[in-house]
Amino acid sequence: MAADALSIIPGAVLRNLADKLYEKRKNAALEIEGIVKQLSTAGEHDKIAAVIGLLTNDFTYSPQANHRKGGLIGLAAVTVGLTSEAAQHLELIVPPVLNSFLDQDSRVRYYACEALYNIAKVVRGDFIIYFNKIFDALCKLSADSDANVQSAAHLLDRLVKDIVTESDQFSIEEFIPLLRERMNVLNPYVRQFLVGWITVLDSVPDIDMLGFLPDFLDGLFNMLSDSSHEIRQQADAALSEFLQEIKNSPNVDYGRMAEILVRRAGSPDEFTRLTSITWINEFVKLGGEQLVPYYADILGAILPCISDEEEKIRVVARETNEELRAIKADQAEGFDIGAILVIAKRELNSEHEATRIEALHWFSTLLVRGRAEFSAYLDGIFEPLLNALSDPSDAVVLLVLEVHARIAEEYHHFQHLMSYLIHTFHNNHVLLEKRGALIVRRLCVLLGAEKVYREFSTILQTEGDLDFASTMVQALNLILLTSTELAELRSLLKKSLVDTCGKDLFLSLYASWCHSPMATISLCLLAQAYNHASSVIQSLGEEDINVKFLVQLDKLIRLLETPVFAYLRLQLLEPGKHTWLLKTLYGLLMLLPQQSAAFKILRTRLKTVPFSENLKRTSSANPYSQILQVTEDGNRNQDAPNYSAIDFSSRLQQFGSMQQQHRNHLKNQLQSRKSASAAVLSQEIQRYEESQSSSTPEISRPPSRAPKAIS
């Protein structure tokens with residue numbers, strides 16, 4: 001075949017085709033073009049094939065660069081000479097040209113672009129069958145190190161785009177895998193090349209690029225964080241166009257794209273996050289049933305973005321979250337409540353308060369939407385919800401309590417919650433001090449003050465740590481006396497002597513309030529059981545009057561001046577009817593140090609009491625001491641008939657028994673401390689003796705002579 005070609009093309013032409021001068025190679029190509037035209041007219045296609053073979057084997061595959069250049073221009077000349085008949089020889093012409101795109105010589109690559117350009121101009125749509133190979137070659141040349149090669153490749157690229165857009169033979173199905181494979185390339189020239197092709201193909205009405213968008217969507221999002229502003233703009237423009245098409249299209253594969261968007265929502269690049277969240281927002285509005293199985297993944301992307309540093313992202317994320325929460329979907333449609341709860345539980349540990357709050361809103365939403373389904377997953381989320389009560393944010397804690405209140409509609413969950421709170425306060429005294437009042441007050445609003453206080457009292461009755469029990473009771477008592485949320489509970493306690501419900505509540509609280517003398521006295525004052533309050537005060541021993549007691553007493557005296565105890569102060573207007581109240585207050589006065597502020601407050605209050613003839617005040621030499629004498633008529637006050645409702649003698653024994661436990665506990669603590677101190681001292685002595693025995697002994701001295709006796 002080579003011999004046939006040599007006989008067809010003169011040797012001088014072949015020599016000029018391999019010349020180093022471009023003009024000679026060009027002239028030789030023109031002569032080859034003329035020869036091929038003649039052969040084509042004569043129908044000598046075998047000879048044409050021989051010429052192509054000669055140009056391919058002896059020139060394009062030659063080790064000499066000038067030969068390769070000549071071979072490329074010669075193949076282009078053959079195509080031009082064939083004109084309309086070139087299509088049947090393309091399988092011989094195109095491969096060696098494509099192979100030359102990989103040549104090490106940049107000039108050869110340049111001529112390869114020029115040759116393929118001329119070939120494409122002749123054959124137009126007939127070379128579509130080689131499109132994937134040509135696209136692959138152009139993709140590589142778009143990032144060529146030689147600027148001239150890049151320029152030539154751009155010209156060829158524009159021509160190929162024109163041919164593809166007018167061709168009905170282009171196969172998008174065969175092209176997409178190649179495009180997907182290239183989408184994650186980082187080279188900026190390649191990225192521009194790819195975005196350009198995506199945009200062009202999407203503009204062709206007969207090519208459904210939207211249907212294949214999931215195949216290259218991730219690559220487009222990847223380009224949004226490119227260092228080149230131009231590439232970011234091109235990628236954003238392409239994405240905006242696709243999003244508009246999605247809005248106008250009835251058939252969209254939301255599911256596959258949702259997975260991509262969820263990943264991109266966590267991108268470190270701000271623009272990428274904003275774009276992905278914007279897309280998710282539109283998907284939630286448009287996707288309908290298609291997106292139900294992906295709600296958990298979408299929620300997992302949205303919740304962190306609610307706390308994003310960028311305000312635009314926060315706004316879109318919040319809007320999307322509200323849209324998602326408003327959608328009514330059930331398990332039959334693929335709604336996975338378990339997956340949603342996993343996401344919400346995970347975000348409870350977020351470092352951002354706004355995200356934790358929205359996660360808690362989801363717990364509430366799911367509880368309302370389907371309590372039965374929610375309960376099936378309760379074992380896995382109850383403990384994290386309980387732990388959230390220690391959150392540093394008050395807003396979070398209040399929401400946690402709302403969730404718990406809804407869960408606690410079942411009594412066993414209510415018991416679990418209350419027991420956990422006691423356990424948590426026991427282990428975290430700082431939480432009790434800083435957040436205890438907030439938690440207890442809110443629970444009283446959500447679950448009912450009486451129910452909450454009764455349960456707390458029941459648990460604290462059997463609390464083994466007496467010190468903690470006393471601290472907890474004092475905290476609950478202070479909340480009871482000061483919180484507006486517990487006004488109804490205080491009103492009920494005021495009726496303890498005349499109302500069965502009040503009596504039951506009093507007895508329920510009394511059992512644990514015995515842990516603290518001052519809490520017990522406060523409870524009696526609330527219940528207007530003044531006789532018993534006086535008896536409790538009289539039963540106190542010197543071990544009970546310590547610094548802690550006096551601090552609590554100081555708080556109580558100050559509380560007596562607040563509106564909560566206004567009724568008690570008004571009762572002092574009728575001392576004859578409330579002699580035990582007077583005796584109780586004087587008893588408290590006698591326990592206070594005279595120089596304390598509380599002593600002065602209470603003494604000032606008692607000075608205003610209008611004494612009747614039944615009550616006589618006798619002053620001693622000391623003007624600060626006053627002795628209240630109760631006459632027989634004064635004993636017959638209004639408290640007496642009501643005392644039959646409660647067995648106060650048994651209550652006094654109960655109080656005494658509990659206080660004896662506290663005294664014994666205190667003695668044991670003191671004994672343990674003494675024993676520990678003695679043990680430490682013994683160890684120190686032992687170590688000292690051992691160190692002395694192991695030290696170097698002193699040099700022995702000869703015994704001194706005994707002094708002679710003086711005669």
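Everything numeric in this text was worked out from a predicted model, so none of it was measured.

J.: Could you clarify how one ought to interpret the overall build of the protein chain in this entry?
T.: Scanning the protein chain from terminus to terminus reveals 36 helices and two strands. In the protein chain, which comprises 711 residues, the proportion classed as buried is 49%. Sequence separation of 24 or more characterises 72% of the internal contacts of the protein chain that already satisfy a separation of 6 or more. For the protein chain, the exposed surface amounts to about 34400 Å²; the carbon and sulfur share of it is 50%.

J.: So what exactly am I meant to see when it comes to helix α19 (residues 353-369) here?
T.: Along its 17 residues, α19 runs 24 Å from first to last C-alpha, staying within 8% of the 24 Å computed at 1.5 Å per residue. For α19, the buried fraction is high: twelve of the 17 residues fall into the buried class. Residues of α19 that are buried in the fold lie against α16 (295-305), α17 (311-326), α18 (337-347), α20 (371-375), α21 (378-387) and α22 (394-407).

J.: Honestly, the pattern of salt bridges in this entry has me stumped. Any pointers?
T.: Close approach of charged atoms lets side chains of opposite charge pair. Applying the stated criterion to the full structure yields 32 salt bridges. Across the pair Glu 33 and Lys 37 runs a salt bridge, and its minimum N-O distance is 3.6 Å. Here Glu 33 pairs with Lys 37, and both are found in helix α3 (residues 22-42), just four residues apart, close to one helical turn. By relative accessible area, Lys 37 is classed as partly exposed at 40%. One network of salt bridges, in which partners are shared, links Asp 136, Lys 140, Glu 181 and Arg 182.

J.: What exactly am I supposed to notice about the confidence of the model for the protein chain here?
T.: Of the residues in the protein chain, 89% reach a pLDDT of 70 or more, and the chain-wide mean stands at 87. The model gives residues 617-644 a pLDDT under 50, and that stretch makes 46 contacts with residues more than four places away or in other chains. The low-confidence segment residues 696-711, where pLDDT is below 50, has zero contacts with residues more than four positions distant or belonging to other chains.

J.: Help me understand the layout of surface pockets in this model?
T.: Unfilled space is identified by rolling a water-sized probe across the atoms. Empty space within the largest pocket amounts to approximately 930 Å³. If you trace the largest pocket, you find 40 residues lining it, with Ser 470, Thr 471, Gln 474, Lys 548 and Gln 552 closest to the centre. For the lining of the largest pocket, the secondary-structure elements that each account for two or more residues are α24 (429-447), α26 (466-482), α29 (517-527), α31 (547-559) and α36 (648-693). The element that contributes the greatest number of residues to the lining of the largest pocket is α26, accounting for eleven residues. Taken as a whole, the second largest pocket encloses approximately 200 Å³ of empty space. In terms of lining, the second largest pocket is formed by 15 residues, of which the most central are Ala 29, Ile 73, Ala 76, Ala 77 and Asn 118. Elements with a minimum of two residues in the lining of the second largest pocket: α3, α5 (65-82) and α7 (106-123). Among the elements that line the lining of the second largest pocket, the one with the most residues is α5, at six residues. The class makeup of the residues in the lining of the second largest pocket is ten nonpolar, one polar and four charged.

J.: Is there a simple way to explain the packing of α16 against α18 in this structure?
T.: Packed helix pairs are specified by the crossing angle of their axes together with the interaxial distance, meaning the distance between the axes. Look at α16 against α18: their axes get within 8 Å of each other, and the N-to-C directions meet at 20°. It follows from the interaxial angle that α16 and α18 lie roughly parallel. Handedness of the crossing formed by α16 with α18: right-handed. Residue-level inspection shows Tyr 295, Ala 296, Leu 299, Gly 300, Leu 303 and Pro 304 of α16 in contact with α18, the latter providing Ala 339, Ile 340, Ile 343, Arg 346 and Glu 347. Its residues placed into classes, the contact of α16 with α18 shows eight nonpolar, one polar and two charged.

J.: Even after reading the chapter, I still don't get the nonpolar core, so can you show me in this structure?
T.: As a rule of thumb, soluble globular proteins bury nonpolar side chains together. Core analysis: the largest hydrophobic core is formed by 231 residues, its most contacted members being Trp 279 and Tyr 453. Of all the elements, α7 adds the most residues to this core, at nine residues. In this structure Tyr 453 touches Val 440, Cys 444, Leu 476, Ile 479, Leu 480, Leu 486, Leu 489, Leu 509 and Trp 513, once residues within four positions along its chain are discounted.

J.: What should I look at first to understand empty space enclosed by the protein in this one?
T.: All chains considered together, the criterion is met by three cavities of 30 Å³ or more. Size it by volume and the largest cavity reaches roughly 40 Å³. Counting residues per element, the ones that place at least two in the lining of the largest cavity are α32 (566-571) and α34 (597-607).

J.: Got a minute to help me understand the packing of aromatic side chains in this structure?
T.: Remark: the centre distance and the inter-plane angle together describe each pair of aromatic rings, the angle taken between the planes. Here the structure, examined in full by the defined rule, presents 21 aromatic pairs. On the numbers, 5.9 Å between centres and 15° between planes, the contact of Tyr 22 with Tyr 111 is stacked. One end of the pair, Tyr 22, is in helix α3; the other, Tyr 111, is in helix α7, with 89 residues separating them in the sequence. Ring geometry for Phe 131 versus Trp 197: centroids 5.2 Å apart, planes at 65°, classification edge-to-face.

J.: It is not clear to me how the environment of Leu 431 should be interpreted in this structure. Could you clarify?
T.: With respect to the helices and strands, the residue Leu 431 is situated in helix α24. Overall, the relative accessible area of 8% leaves Leu 431 in the buried class. Residues Leu 431 and Leu 389 lie 42 residues apart in sequence; the distance between their C-alpha atoms is 9.3 Å.

J.: Just checking my understanding: could you explain unusual backbone geometry for this structure?
T.: With glycine set apart, most residues show a phi of negative sign, and most peptide bonds adopt trans. A positive phi angle, near 50°, is found at Arg 124, a position not held by glycine. Within the secondary structure, Arg 124 sits in the loop between α7 and α8 (131-141). We note that Gln 528 has phi near 60°; this positive angle belongs to a residue other than glycine. As for its position among the elements, Gln 528 is in the loop between α29 and α30 (530-539).

Parameters at a glance
Residues numbered from 1 in each chain as written. Predicted model: local features only at pLDDT ≥ 70, side-chain atom pairs only at ≥ 80, totals over all residues. Heavy atoms only, no water. Helix = DSSP H or I, 4+ residues; strand = E, 2+ residues; numbered from the N terminus. Buried < 20%, exposed > 50% of the residue type's maximum accessible area, 1.4 Å probe, protein only. Contact = heavy atoms within 4.5 Å. Areas by Shrake-Rupley, 256 points an atom, 1.4 Å probe, with all protein chains shown as cover. Expected span 1.5 Å × (residues − 1). Salt bridge = Lys/Arg side-chain N within 4 Å of Asp/Glu carboxyl O. pLDDT = per-residue confidence, 0-100. 1 Å grid on protein atoms, 1.4 Å probe; cavity = no way out; pocket = protein on both sides within 12 Å on 5 of 7 lines; lining within 4 Å. Points joined across faces, edges and corners; volume = space filled by probe spheres on them. Nonpolar A, V, L, I, M, F, W, Y, C, P; charged D, E, K, R; others polar. Axes fitted to C-alpha atoms, helices over the stretch in contact; angles between N-to-C directions. Parallel < 35°, antiparallel > 145°, perpendicular 65-115°, else oblique. Left-handed = near helix turned anticlockwise from the far one by under 90°. Core = buried A, V, L, I, M, F, W, Y, C linked by side-chain atoms within 4.5 Å. Phe/Tyr/Trp six-rings, centres within 6.5 Å; stacked < 30°, edge-to-face > 60°.

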